[in-house]
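Listed below are the residues making up each chain.
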Amino acid sequence: MAESPGLQKRVFVASLATETNTFSPLRTDLQDFKDSFYASPGQHPETPTLCSAVFPVARRVAEQYRWTIIEGTATWAEPGGIVNQQTWTFLRDQLLEELRCAMPVDIVLLGLHGAMVAQDCNDCEGELIELVREIVGANALIGVTFDPHSHLSQRRTDHANIITLFKEFPHTDFVEAAEHLVKLVHRTSCGEITPHMNVFDCRMIEIFPTSREPMRSFVDRIKALEGNGDVLSISIVHGFMAGDVADLGSKVLVITNDSNSAGTNLAQKLGLELYSFRGNTRPEFLAPSHAVSLALEANDQPVVLADVWDNPGGGAAGDSTVILNELFAQHVTNAAFATIWDPIAVRTCFSAGKNAEFILRFGGKMSDKGGEPIDAEVRVRNLVRDATQSFGQSVVPLGDCAWIEVNGVDVILNTVRSQVFNPDIFSNLGIDPQSKSLLVVKSTNHFYAAFSRIAKSVIYAAVDGPYPNNPITNNYKNLNRKIWPRVENPHDH
Ligand SMILES: [Zn+2]
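Residues numbered from 1 in each chain as written. Predicted model: local features only at pLDDT ≥ 70, side-chain atom pairs only at ≥ 80, totals over all residues. Heavy atoms only, no water.

Here we look at unusual backbone geometry
Then, in step 1: Going from Glu 213 to Pro 214, the amide bond is cis rather than trans, its omega being 5 degrees.
Then, in step 2: Relative to the helices and strands, Pro 214 resides in the loop between strand 7 (195–201) and helix 7 (215–225).
Then, in step 3: In this structure, the amide linkage connecting Gln 301 to the following residue, Pro 302, adopts the cis form with an omega of 10 degrees.
Then, in step 4: Within the secondary structure, Pro 302 is located in the loop between helix 9 (288–297) and strand 11 (303–307). (Helix = DSSP H or I, 4+ residues; strand = E, 2+ residues; numbered from the N terminus.)

Here you go:
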């Protein structure tokens, strides 16, 4: 191959990601990573996943940028409880060893989530980036993508050169965030720009769906600011209230072309604007009985009802029976419910076989706040091995799944935990979502992107269950600074 020495850059790419709900009754181990997504070096599929979009994006630009890509492992576990220490050290050290073998490298691209907590490490990503820096030295470039539901520690900004986050919630733009990162890293490596990161701490924690105002316009404006003057990139760290760590909270990250003052000012201006939205960014969350009766009154169907807190995508188990019992109590029929995580019940349904009718116990197992298990006569309507659903271009595994009919409601039981992203979670099991009056989905807001296309209305139901949904009363032990709503005016001194 005719290569001009010195022009070709060596680029190491890896992805190691999960979101840790430190209050979750679950624990996360290596099998959870293997169940959700695990690609050994060279095995990453062409389709991107949420946090590993740097892989297909880097491959695509490799020839144009004269990059030699050396791929490490890419893995992701569905959000869950604390990562056991052995699993964290194994995955961390495996990545670092792959990097050592790839040396010398000019660039490291990491697809991370940003809210991973292990038994003895509250800032897994900070530790990882610092250890990567030790290996590659001061002159190599480290570029990182994070999910906005992350904790941005100074350790991360100290040791990375460029960080980009998804801007949208639902995260429909994870590929764009990787493309944005890759472009900035390339321009930096060519000497065209000198990225400088400034962070403003908004001292708050809140939910920021960008599918509605005021966040919709805010994100649109931020995008329009990128590329103007010295502003290279703007990211909003939403924060993740279920992670008890020192850096919990919302932050604004501005990257300028070597302009500390412009970066500081813009991060503060946008950060205080975000702070001014506090208390006004969420849709209305209704009590389950109110939510279900409202759904029954709707004339146009299907109505989509979100069980916002029993969200496996936020690290909850996803086996709460509270809203399903509410459907039974209000005699709802022609409804479909996704999903109840219960591997034992799925196993039993497979043993019973399609069309079997029997009394099954399912759900309500992982938390004393997730409702009681349901004991009911069910009919097994369908059984699918290794079922999946879509999320954007990515394919999300659900494991073996059973569609059961119980009290006139179609319920999907799954074995690999996942929040609900797409109506094909129903159709892949054989349920036509458009024929239903009511679709219940366990998800805080990710469902919205795809379900809003078929939903005649969307209702958000909040069960005060296993998810630590109230930052005022959540028992934070590691949070060491004042944030709203725990204090009224955290910016006052
Ligand atoms: Zn997220």
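Comments concerning helix 11 (residues 343–352)
Then, in step 1: For helix 11, every residue scored as buried is listed here: Ala 345, Val 346, Cys 349 and Phe 350. All buried residues of helix 11 project into a common sector of 140 degrees when viewed along the axis, lining one side. More than 90 degrees from the buried face of helix 11, the exposed residues found are Ile 344, Arg 347 and Ser 351.
Then, in step 2: Those residues of helix 11 hidden inside the fold are in contact with strand 13 (357–362), strand 14 (374–391), strand 15 (394–406) and strand 16 (409–414).
Then, in step 3: At the C-terminal side of helix 11, Gly 353 shows a positive phi close to 90 degrees. (Buried < 20%, exposed > 50% of the residue type's maximum accessible area, 1.4 Å probe, protein only. Arc of directions from axis to C-beta. Contact = heavy atoms within 4.5 Å.)

Some details on the coordination of the zinc ion
Then, in step 1: For the zinc ion, the full set of protein donor atoms is Asp 147 (OD), Asp 147 (OD), His 149 (ND1) and His 171 (NE2), and the range of their distances to it is 2.1 to 2.6 Å.
Then, in step 2: Seen from the zinc ion, its four donor atoms lie at angles of 54 to 149 degrees, and the figure they make is irregular. (Donors = N, O, S within 2.8 Å, 3.2 Å for Na, K, Ca; no water. Tetrahedral: all angles 85-135°; square planar, octahedral: opposite > 155°, others 65-115°.)

Description of the packing of helix 3 (residues 85–102) against helix 4 (residues 124–136)
Then, in step 1: Following both chains from N to C, one finds helix 3 and helix 4 inclined at 25 degrees, their axes separated by 10 Å at the closest point. Classified by the angle between their axes, helix 3 and helix 4 sit roughly parallel to one another. Where helix 3 crosses over helix 4, the handedness of that crossing is right-handed. Within the contact between the two elements, helix 3 uses Trp 88, Arg 92, Leu 95, Leu 96, Leu 99 and Arg 100 and helix 4 uses Cys 124, Glu 127, Leu 128, Leu 131, Val 132, Ile 135 and Val 136.
Then, in step 2: Its residues placed into classes, the contact of helix 3 with helix 4 shows 10 nonpolar, no polar and three charged. (Axes fitted to C-alpha atoms, helices over the stretch in contact; angles between N-to-C directions. Parallel < 35°, antiparallel > 145°, perpendicular 65-115°, else oblique. Left-handed = near helix turned anticlockwise from the far one by under 90°. Nonpolar A, V, L, I, M, F, W, Y, C, P; charged D, E, K, R; others polar.)

Structural notes on the sheet that holds strand 14
Then, in step 1: A sheet is described by the order of its strands in space; here nine strands give the open sequence 10-18-11-17-12-16-15-14-13, paired in mixed fashion. Among the strands making up the open sheet, the edge pair consists of strand 10 (285–286) and strand 13.
Then, in step 2: Here strand 10 pairs with strand 18 (residues 457–461) via two bridges, running parallel. If you follow Phe 285 over to strand 18, its bridge partner there is Tyr 460. (Pairing = 2+ DSSP bridges.)

Remarks on the nonpolar core
Then, in step 1: In terms of nonpolar packing, the biggest core is built from 74 residues, with Trp 67, Leu 109, Leu 110 and Val 132 touching the most fellow members.
Then, in step 2: If one sorts the elements of this core by residue count, helix 6 (residues 174–189) sits on top with eight residues.
Then, in step 3: Both domain 1 (9–276) and domain 2 (288–461) contribute no fewer than three residues apiece to this core.
Then, in step 4: Among the nonpolar cores identified, the runner-up in size contains 38 residues, and Ala 115, Val 420, Val 441 and Leu 479 belong to it. (Core = buried A, V, L, I, M, F, W, Y, C linked by side-chain atoms within 4.5 Å. Domains from an automatic or database assignment.)

Considering the environment of Gln 330
Then, in step 1: Here Gln 330 is to be found in the loop between helix 10 (322–329) and strand 12 (335–341).
Then, in step 2: Sequence separation between Gln 330 and Asp 247 is 83 residues, and the spatial gap between their C-alpha atoms is 43 Å.
Then, in step 3: Those residues in contact with Gln 330 that lie beyond four places of it in its chain are Ser 289, Val 292, Ser 293 and Leu 296.
Then, in step 4: One polar contact links Gln 330 to Glu 326, side chain to side chain, over a distance of 2.7 Å. (Polar contact = N/O pair within 3.5 Å; in protein donor to acceptor, adjacent residues only side chain to side chain.)

Some words on the pairing of strand 11
Then, in step 1: Among the five residues in strand 11, five count as buried, and that is most of the element.
Then, in step 2: Of the two faces of strand 11, the one carrying Val 303, Leu 305 and Asp 307 and the one carrying Val 304 and Ala 306 are both buried.
Then, in step 3: The pairing of strand 11 with strand 17 (residues 438–441) spans four bridges and is parallel. Bridging across to strand 17, Ala 306 finds its partner in Val 441.

Quick word on the layout of surface pockets
Then, in step 1: The volume enclosed by the largest pocket comes to roughly 590 Å³.
Then, in step 2: Around the largest pocket, the lining is made up of 42 residues, and of these Leu 50, Trp 76, Gln 419, Phe 421 and His 446 lie nearest the centre.
Then, in step 3: Residue composition of the lining of the largest pocket, grouped by class: 20 nonpolar, 17 polar and five charged.
Then, in step 4: For the lining of the largest pocket, the two domains that each supply at least three residues are domain 1 (9–276) and domain 2 (288–461). (1 Å grid on protein atoms, 1.4 Å probe; cavity = no way out; pocket = protein on both sides within 12 Å on 5 of 7 lines; lining within 4 Å. Points joined across faces, edges and corners; volume = space filled by probe spheres on them.)

Quick notes on the side chain of Asp 307
Then, in step 1: The topology assignment puts Asp 307 in strand 11.
Then, in step 2: Its relative accessible area of 0% is what places Asp 307 among the buried residues.
Then, in step 3: In this structure, Asp 307 is in contact with Ile 323, Val 441, Lys 442, Ser 443, Ala 461 and Val 463, ignoring residues within four places of it in sequence.

Structural notes on the domain arrangement of the protein
Then, in step 1: Looking at the assigned domains, one finds that the protein contains domain 1 (9–276) and domain 2 (288–461).
Then, in step 2: The C-alpha-based centres of domain 1 and domain 2 are spaced at 31 Å.
Then, in step 3: Every contact between the two is made by 24 residues of domain 1 and, on the other side, 22 residues of domain 2.
Then, in step 4: At the boundary of domain 1 with domain 2, total buried surface from both sides reaches about 1800 Å², with 65% on carbon and sulfur atoms.
Then, in step 5: Summed over the shared surface of domain 1 and domain 2, the result is zero salt bridges.
Then, in step 6: Summed over the shared surface of domain 1 and domain 2, the number is eight residue pairs in polar contact (both at pLDDT 80 or more).
Then, in step 7: Sorting the residues of the side of domain 1 that touches domain 2 by element identifies helix 1 (30–36) and helix 6 as the ones contributing at least two each.
Then, in step 8: Its residues assigned to classes, the side of domain 1 that touches domain 2 shows 12 nonpolar, nine polar and three charged. (Buried area = accessible area lost by both parts, 1.4 Å probe. Salt bridge = Lys/Arg side-chain N within 4 Å of Asp/Glu carboxyl O.)

Considerations on empty space enclosed by the protein
Then, in step 1: Counting across every chain of the model gives one cavity of 30 Å³ or more.
Then, in step 2: Roughly 40 Å³ of internal volume is contained in the largest cavity.
Then, in step 3: In terms of residue count, helix 3 provides more of the lining of the largest cavity than any other element does, three residues in total.
Then, in step 4: Looking at the lining of the largest cavity residue by residue, the class counts come to three nonpolar, four polar and no charged.

Some thoughts on the pattern of salt bridges
Then, in step 1: In total, this model carries 24 salt bridges according to the counting rule given.
Then, in step 2: Across the pair Arg 216 and Asp 220 runs a salt bridge whose closest N-O atoms are separated by 2.8 Å. Note that Arg 216 and Asp 220 are positioned in helix 7 at a spacing of four residues, about one turn of the helix.
Then, in step 3: A network of salt bridges, in which partner residues are shared, links Glu 168, Arg 216, Asp 220 and Lys 223.

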